[in-house]
Amino acid sequence: VKLVESGGGLVQAGGSLRPSCAASGRTFSVYSLGWFRQAPGKEREFVAYITWSDGRTNYADSVKGRFTISRDNAKNTVYLQMTSLKPDDTAVYYCAAKLVGAARYGYWGQGTQVTVSS
């Protein structure tokens, strides 16, 4: 599975961005797609995921109510609608895929930079 993120950028605090993640390859074997982020000097952390077949979602507490993950199965694309952005949301955002039967996310994109200025 190949994942390509796009749609990051620079935005002021309180603004919005909607990065996307296009999947290709063995997408029929994907169980879920997730977004993770890594800020400078910090560990990579989970942001949100969505199951590919039925669209169930889960979010980190830090983004609940501000971020929304969605999918377009016809386009093999997952989106992360980010609103009310804060400087603490500044990070490289990565898309990842977990295959059916897998224990962890085994496929990763190259990441897209999101910078929120105060």
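Structural data are supplied above this passage.
Structure report, in brief. Sequence order sets the numbering: in each chain, residues are counted from 1 along the sequence as written. In keeping with the predicted nature of the model, local features appear solely for residues at pLDDT of at least 70, side-chain atom pairs appear and are counted solely at 80 or more, and the whole-chain, interface and lining totals rest on all residues. Water and hydrogen atoms play no part in the side-chain values, which are based on all heavy atoms of the structure.

1. Some points on the packing of aromatic side chains
For this analysis, a ring pair means two rings from Phe, Tyr or Trp (six-membered ring only for Trp) whose centres lie within 6.5 Å, classed as stacked if their planes differ by under 30 degrees, edge-to-face if by over 60, and tilted for the remaining angles. As enumerated under the stated definition, the model contains 4 aromatic pairs in all. Considering the side-chain rings of F36 and Y105, the 5.2 Å spacing of their centres and the 75° angle between planes classify their relative orientation as edge-to-face. Of the two residues, F36 is situated in strand β4 (residues 30–38) and Y105 in the loop between β9 (91–99) and β10 (107–108); the sequence distance between them amounts to 69 residues. With a relative accessible area of 15%, Y105 lands in the buried category. By definition, being over a ring means that NZ of Lys or CZ of Arg is both within 6 Å of the ring centre and within 35 degrees of the ring normal. Lying across the ring of Y79, R18 places its NZ or CZ 4.1 Å from the centre. If you follow R44 out to its NZ or CZ, it ends over the ring of W108, 3.8 Å from the centre. In this description a helix means any DSSP run of H or I spanning at least four residues, a strand means any run of E spanning at least two, and both kinds are numbered starting from the N terminus. Each residue's exposure class comes from its accessible area (1.4 Å probe, protein chains only) as a fraction of the maximum for that residue type: buried when under 20%, exposed when over 50%, partly exposed otherwise.

2. A look at the side chain of T27
Tracing the backbone through its elements, the reader meets T27 in the loop between β3 (20–24) and β4. Apart from the residues within four sequence positions on either side, T27 is in contact with W52 and N76. Contacts were defined at the residue level, with two residues in contact if any of their heavy atoms lie within 4.5 Å.

3. Overview of the nonpolar core
Nonpolar cores were defined as sets of buried Ala, Val, Leu, Ile, Met, Phe, Trp, Tyr and Cys residues, with membership established by side-chain atoms within 4.5 Å. Counting 29 residues, the largest nonpolar core has W35, V47, F67, I69, L80, M82 and Y93 as the members making the most contacts within it. Listing elements by their share of this core, those giving two or more residues are β3, β4, β5 (45–51), β7 (67–72), β8 (77–82), β9 and β11 (112–117). With 5 residues, the top contributor of residues to this core is β9. Look past the residues within four positions of I69 in its chain and what remains in contact with it is L33, W35, A48, Y49, I50, T57, Y59, V78, Y79 and L80.

4. What to know about the pairing of strand β1 (residues 2–6)
Of the two faces of β1, the one lined by L3 and E5 is fully buried and the one lined by K2, V4 and S6 carries no buried residue. DSSP bridges decide pairing: two strands pair if at least two such bridges lie between them. Judged from the 5 bridges that link them, β1 and β3 form a sheet pairing that is antiparallel. Bridge pairing links K2 to S24 in β3.

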